[in-house]
Amino acid sequence: MEESKPPMSSPGGDECLSWAARDPSGLLSPHTFTRRSVTSDDVSLKITHCGVCYADVIWTKNKHGDSKYPLVPGHEIAGVVNKVGSNVTRFKVGDHVGVGTFVNSCRECDYCDEGQEVSCVKGQVFTFNGVDYDGSVTKGGYSSHIVVHERYCYKIPVDYPLESAAPLLCAGVTVYAPMMRHNMNQPGKTLGVVGLGGLGHMAVKFGKAFGLHVTVFSTSVSKKEEALNLLGANNFVISSDHDQMKALAKSLDFIIDTASGDHAFDPYMSLLKIAGTYVLVGFPSEIKIQPATLNLGMRVLAGSVSGGTKVTQEMIDFCAAHKIYPNIEVVPIQKANEAIERVVKKDIKYRFVIDIENSLK
């Protein structure tokens, strides 16, 4: 039985440069702290890139009331290994590596045993603003390096760009995991994608790679051109247009709903074929649904969050093999505050990635 408690942070750790929020204004500014030193099972990576996720907005601004300041956000981390512990077998110095939304778990429960640590019975330890087993508060990827148990690190193929790899660690796996769980990788089937942001655009890319016929649903007509021509969707529908929606009744095998704003569910539910599957990965404030839409259509409504180590590594390998890359806008750390505000306004196509390596000095 593997012991999950990391050793107490030792004073011998390395100084880490970062940008941190100090209060619920969420304003980020330079901050220096000490990372724990590398123990026998740890990997230390020099962070080159970190994606900007809506989670960074939530916790820098204390939207859940549990933010622990100073708070260093970032859980879409890509970098290069610069130290490994004596027991580490999967990584060596110089390897390209990723770290996602969690950095620890009990390693003893059935879920951990299955590589589904995101469902750990004792709770996954979040990459930032989490409390690790030694009582320390985790600090994320808006920083110069991070020390993580090798189990929670992912191999990034050397020919896959690190800036492209970063958004896979949350946005990518959050849609890939339920798509695989619900067998959406069946060529010729039909997929609807609700919302075209960081998660939605990845769902379109995976759908196309699986050989699905993909329809994008959006409230914004301005996204039509890019959905069809840049992302390769087969169809684009303005969700507020009743005629367009009606024309698609009972036509979809699957729907992935990435929208976190409040929206009606029945209109989308009625687009599913009999026994079709609707997966929600966004977090609207409530789900309202007519039982008849669900029961008479024998439909499935499922939820999902990111993914464990097994499916995450699988997804990275799939992206490398099929040359799937997120559409990103790379920014220096000095523009992190502006990037977060633009995420709030949905003014990004489709994911910000912070160039840590060249801007965090």
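Per an unreviewed UniProt entry, the protein goes by Enoyl reductase (ER) domain-containing protein and derives from Brassica carinata. Word for word, the UniProt comment on the protein under Subunit (unreviewed entry) is "Homodimer." Listed under Sequence similarities (unreviewed entry) in UniProt, the entry text for the protein is "Belongs to the zinc-containing alcohol dehydrogenase family."

I keep staring at the confidence of the model for the protein and nothing clicks. Help me out?
Caution is warranted with low-pLDDT regions, since their predicted coordinates should not be read in detail. Overall, the predicted model of the protein reaches an average pLDDT of 95, with 97% of residues at or above 70. Across residues 6–11 the pLDDT falls below 50, and counting only partners more than four positions away or on other chains, this stretch makes 12 contacts in the model.

Would you mind going over helix α4 (residues 171–181) with me for this structure?
Helical periodicity: at 3.6 residues per turn, an α-helix aligns residues three or four positions apart in one direction. Extensive coverage of α4 is indicated by the burial of nine of its 11 residues. What α4 keeps buried is the set Ala-171, Gly-172, Val-173, Thr-174, Val-175, Tyr-176, Ala-177, Pro-178 and Met-179. The secondary structure elements touched by the buried residues of α4 are β10 (190–194), α5 (198–209), β13 (252–257), β14 (272–280), α10 (309–321) and β17 (351–355). Where α4 terminates, the next one or two residues include Asn-183, which has phi positive at roughly 55°.

I'm lost on the domain arrangement of the protein in this one. Help?
How big an interface is tends to be stated in terms of the accessible area lost upon association of its parts. Taken as a whole, the protein is organised into domain 1 (14–170 + 326–355) and domain 2 (172–303). When each unit is reduced to the centre of its C-alpha atoms, the spacing between domain 1 and domain 2 is 29 Å. Buried surface at the junction of domain 1 and domain 2, summed over both partners, amounts to about 990 Å²; 50% is from carbon and sulfur atoms. Broken down residue by residue, the surface that domain 1 buries against domain 2 is led by Cys-170, Asn-327 and Tyr-350, which jointly contribute 55%. The interface formed by domain 1 and domain 2 contains one salt bridge. Residue Lys-349 pairs with Glu-226 through a salt bridge whose shortest N-O separation is 3.9 Å.

Please explain the UniProt feature "domain: Enoyl reductase (ER)" (unreviewed entry) in the protein as it appears in this structure.
Here the UniProt feature "domain: Enoyl reductase (ER)" (unreviewed entry) sits at residues 26–354. For residues 26–354, helix accounts for 25% and strand for 26%, while the C-alpha atoms at its two ends are 17 Å apart.

Honestly, the environment of Asp-253 in this entry has me stumped. Any pointers?
In this structure, Asp-253 sits in strand β13. Exposure remark for Asp-253: the relative accessible area of 11% places this residue in the buried category. Separated by 63 residues in the primary sequence, Asp-253 and Thr-190 have C-alpha atoms spaced 5.2 Å apart. Apart from residues lying up to four places away in sequence, Asp-253 is in contact with Lys-189, Thr-190, Leu-272, Lys-273, Gly-276 and Thr-277. Only 3.4 Å separates the side chain of Asp-253 from the side chain of Lys-273, close enough to count as a polar contact.

Mind showing me how you'd approach the sheet that holds β14 here?
Adjacent strands of a sheet form backbone hydrogen bonds with each other and so pair up, either parallel or antiparallel. Taken together, six strands build an open sheet; the order of strands is β12-β11-β10-β13-β14-β15 and the sheet is parallel. Each end of this open sheet is capped by a strand with a single partner; those strands are β12 (235–238) and β15 (300–303). Looking at each pair of strands side by side, their axes are set apart by 20° on average, direction ignored. Bridge count between strand β11 (residues 213–218) and β12: four bridges; the pairing is parallel. Bridge pairing links Phe-217 to Val-237 in β12. Sheet strands touched by α5: β10, β11 and β13. Its angle to β10, the strand with the most contacts, is close to 170°.

Help me understand the packing of aromatic side chains in this model?
To describe a pair of aromatic rings, one takes the distance between the centres and the angle between the planes. Tallying each qualifying case throughout the model produces 12 aromatic pairs. Taking the centre distance of 5.3 Å and the plane angle of 50° together, the rings of Phe-210 and Phe-318 count as tilted. Here Phe-210, found in the loop between α5 and β11, pairs with Phe-318, found in helix α10; they are 108 residues apart in sequence, far enough to count as distant. Here the two residues Phe-210 and Phe-318 agree in accessibility, since each one is buried.

Hey, could you run me through the nonpolar core in this one?
In a soluble, globular protein the nonpolar side chains are often hidden away together inside. Counting residues in hydrophobic clusters, the biggest one holds 85 residues, and the most contacted among them are Tyr-142, Leu-191, Phe-206 and Ile-256. Considering every element that reaches this core, the biggest residue donor is α4, with six residues. Of the domains in this structure, domain 1 (14–170 + 326–355) and domain 2 (172–303) are the two that each give at least three residues to this core. Beyond its immediate stretch of four places on either side in the chain, Phe-206 contacts Gly-172, Val-175, Tyr-176, Met-179, Met-315, Phe-318, Cys-319 and Ile-324. Grouped together as the second largest cluster of nonpolar side chains are 15 residues, Phe-217, Leu-248, Leu-271 and Leu-280 included.

Analysis parameters
- Residues numbered from 1 in each chain as written.
- Predicted model: local features only at pLDDT ≥ 70, side-chain atom pairs only at ≥ 80, totals over all residues.
- Heavy atoms only, no water.
- UniProt positions renumbered as here; feature names shortened; annotations may be inferred.
- pLDDT = per-residue confidence, 0-100.
- Contact = heavy atoms within 4.5 Å.
- Buried < 20%, exposed > 50% of the residue type's maximum accessible area, 1.4 Å probe, protein only.
- Helix = DSSP H or I, 4+ residues; strand = E, 2+ residues; numbered from the N terminus.
- Domains from an automatic or database assignment.
- Buried area = accessible area lost by both parts, 1.4 Å probe.
- Salt bridge = Lys/Arg side-chain N within 4 Å of Asp/Glu carboxyl O.
- Polar contact = N/O pair within 3.5 Å; in protein donor to acceptor, adjacent residues only side chain to side chain.
- Pairing = 2+ DSSP bridges.
- Axes fitted to C-alpha atoms, helices over the stretch in contact; angles between N-to-C directions.
- Phe/Tyr/Trp six-rings, centres within 6.5 Å; stacked < 30°, edge-to-face > 60°.
- Core = buried A, V, L, I, M, F, W, Y, C linked by side-chain atoms within 4.5 Å.

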